[in-house]
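Topology and contacts: notes
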Amino acid sequence: MATPTTTERAPKPRRDERRVVSNIVRGSIGNLIEWYDWYAYTAFSVYFASVFFPSGDQTAQLLNTAAVFAVGFLMRPIGGWVLGRYADRRGRRAALTLSVTLMAAGSLIVALTPSYGSIGVAAPVLLVAARLLQGLSVGGEYSTSATYMSEVASPGRRGYYSSFQYVTLIAGQLTALGLQIVLQQVLSAAQMEAWGWRIAFVVGAAGAVVVLWLRRGMDESESFERAASEGEEEHSGPARGSLRLLLSYPRQCLVVVGLTMGGTLFFYTYTTYLQKFMVNTSGIAKPTAAWINFFALLVFVVLQPVMGLLSDRVGRRPLLIAFGVLGTVVVVPSLTLLSHTSDPVYAFLLMVVPLAVSSLYTSISAVVKAELFPTSIRALGVGLPYALTVAVFGGTAEYVALWFKNAGHENWYFYYVTACVLISLLVYIRMRETSDASPLDEDDSRSRG
């Protein structure tokens, strides 16, 4: 009887490093456009708040736009479920292409929707519809992108390569801020509020066309191809990407919720909300606040691969614990001091120091989640519990902060953020290290537990 040869038993060799980099770059550029579209809303909301809502004081109008921003987050769990399930069943590349198409459609709706003065209540209704569509998109983009980058990364460099998800996530925000700064230089404040802000959303929709072409040339993840091939031979047990299969990983799901809670609230406080905080509380001019945000985020983006590479050397858990400790210490003093200054340099320092602390979490949060789950449920496992947590804490950050301010107790928000980071710190202390776990294409039985 013939026996299988060594060649027949050998696994398919990994793609060379050049192809790995090509896949990471193609996935990252798409991620950049997705998050540019998402953050263009918050970057330009200081200009279009009065366009979509009835006249009133600035805080009330910003509160309305923050509420719509939060509503968009409500769709992220649905996006994490629908597109995560799609990615686990049909492939990472297919899901990434679909997500960027949905985001582009949402941006186009925002760009073309007439003002409240022209069509009345239909204006904020269309704005909400666009954000729901974008929320669906970004909910699936995060989980699928995190899964794809971790699966195509070279062995021993998953932290480094996966950190580029946040590099491009923040770069998307930087691009939105950069365009805002350029438009502020060439357009008057009246022009920006009347129509200039719409340019940002047209640019986002157009960029998606390039991304669609780039993502068509990406390789499918070998981990997914292997799991799909094995799945065709096994007909028992829960289907890949199903909620039933996800429920067999309760500990991993709870860890995702716990490690995300403080990290996402901290991140959205010092990125999307802080520009409004500088304008509305510190009294810093809008153009100056945009410049402060731009340079602080530029430092933040450079720190991501540095921290990702460090996690490949020392592990993920030490970095998360460091974030938890420093995060609980820095929130109250930094926001308190920032609320009493209008000096741009001082404000920059008060933003960049907390962002450096945040990089300990953001650089590795995606790969940590991906390393918790096996291939057959990874995209859904990363996406659904993460998106639910972000919707509850990250998505409501601006609204809660402005609500406290409207109620006359703005500093209560500072303690709320601190408490959430402290809870996550307790999770970091108790969780297992993930970087030394089995390879990402391990079977379900070895990952479950």
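About the criteria used
- Residues numbered from 1 in each chain as written.
- Predicted model: local features only at pLDDT ≥ 70, side-chain atom pairs only at ≥ 80, totals over all residues.
- Heavy atoms only, no water.
- UniProt positions renumbered as here; feature names shortened; annotations may be inferred.
- Bend = angle between axes of the 7 residues up to and from the residue.
- Helix = DSSP H or I, 4+ residues; strand = E, 2+ residues; numbered from the N terminus.
- Buried < 20%, exposed > 50% of the residue type's maximum accessible area, 1.4 Å probe, protein only.
- Patch = residues over 30% accessible without salt bridge, like charges linked within 9 Å, V, L, I, M, F, W, Y side chains within 5 Å.
- Areas by Shrake-Rupley, 256 points an atom, 1.4 Å probe, with all protein chains shown as cover.
- Salt bridge = Lys/Arg side-chain N within 4 Å of Asp/Glu carboxyl O.
- Polar contact = N/O pair within 3.5 Å; in protein donor to acceptor, adjacent residues only side chain to side chain.
- Contact = heavy atoms within 4.5 Å.
- pLDDT = per-residue confidence, 0-100.
- Phe/Tyr/Trp six-rings, centres within 6.5 Å; stacked < 30°, edge-to-face > 60°.
- Lys NZ or Arg CZ within 6 Å of the ring centre and 35° of its normal.

- By the naming in an unreviewed UniProt entry, the chain goes by Putative proline/betaine transporter and is assigned to Streptomyces swartbergensis.
- Reading the Sequence similarities (unreviewed entry) entry of the UniProt record for the chain gives the comment "Belongs to the major facilitator superfamily. Metabolite:H+ Symporter (MHS) family (TC 2.A.1.6) family."

Points about helix α14 (residues 250-282)
- If you look at α14, its biggest bend is around 60 degrees, right at Tyr273.
- Judged by how many residues are buried, α14 sits mostly within the fold: 28 of 33 residues are covered.
- Positive backbone phi, at 80 degrees, marks Gly283, one or two positions downstream of α14.

Brief notes about a nonpolar patch on the surface
- On the surface, Ile78, Trp81, Val82 and Leu243 cluster together into a nonpolar patch covering about 320 Å² of accessible area.
- A per-element tally of the nonpolar patch places helix α4 (residues 76-90) first, with 3 residues.
- Here Val82 is to be found in helix α4.

Details of the side chain of Thr341
- Counting through the fold element by element, Thr341 comes out in the loop between α16 (316-338) and α17 (344-370).
- Judged by its relative accessible area of 10%, Thr341 falls in the buried class.
- A polar side-chain atom of Thr341 sits 3.1 Å from the main-chain amide nitrogen of Asp343.
- Among all residues touching Thr341, those that are not within four sequence positions of it are Ser282, Ile284, Tyr346 and Leu350.

Description of the confidence of the model for the chain
- Considering every residue of the chain, the mean pLDDT works out to 81; 86% of them sit at 70 or more.
- Under a pLDDT of 50 for its full length, residues 232-236 has, in the predicted model, 0 contacts with residues more than four places off or in other chains.
- Across residues 443-449 the pLDDT falls below 50, and counting only partners more than four positions away or on other chains, this stretch makes 16 contacts in the model.

Some remarks on the pattern of salt bridges
- Counted under the stated rule, the structure contains 5 salt bridges.
- Where Asp88 meets Arg92, a salt bridge forms, and the shortest distance between an N and an O atom there is 2.7 Å. You'll find Asp88 and Arg92 in the same group, each marked buried.
- Ionic contacts of the salt-bridge type, sharing partners, join the residues Asp312, Arg316 and Glu371 into one network.

Remarks on the packing of aromatic side chains
- Across all of its chains, the model carries 20 aromatic pairs by this definition.
- Above the plane of the ring of Tyr41 lies Arg131, whose end atom (NZ or CZ) is 4.2 Å from the centre.
- Taking the ring centre of Tyr47 as reference, the NZ or CZ of Lys286 above it sits at 5.3 Å.

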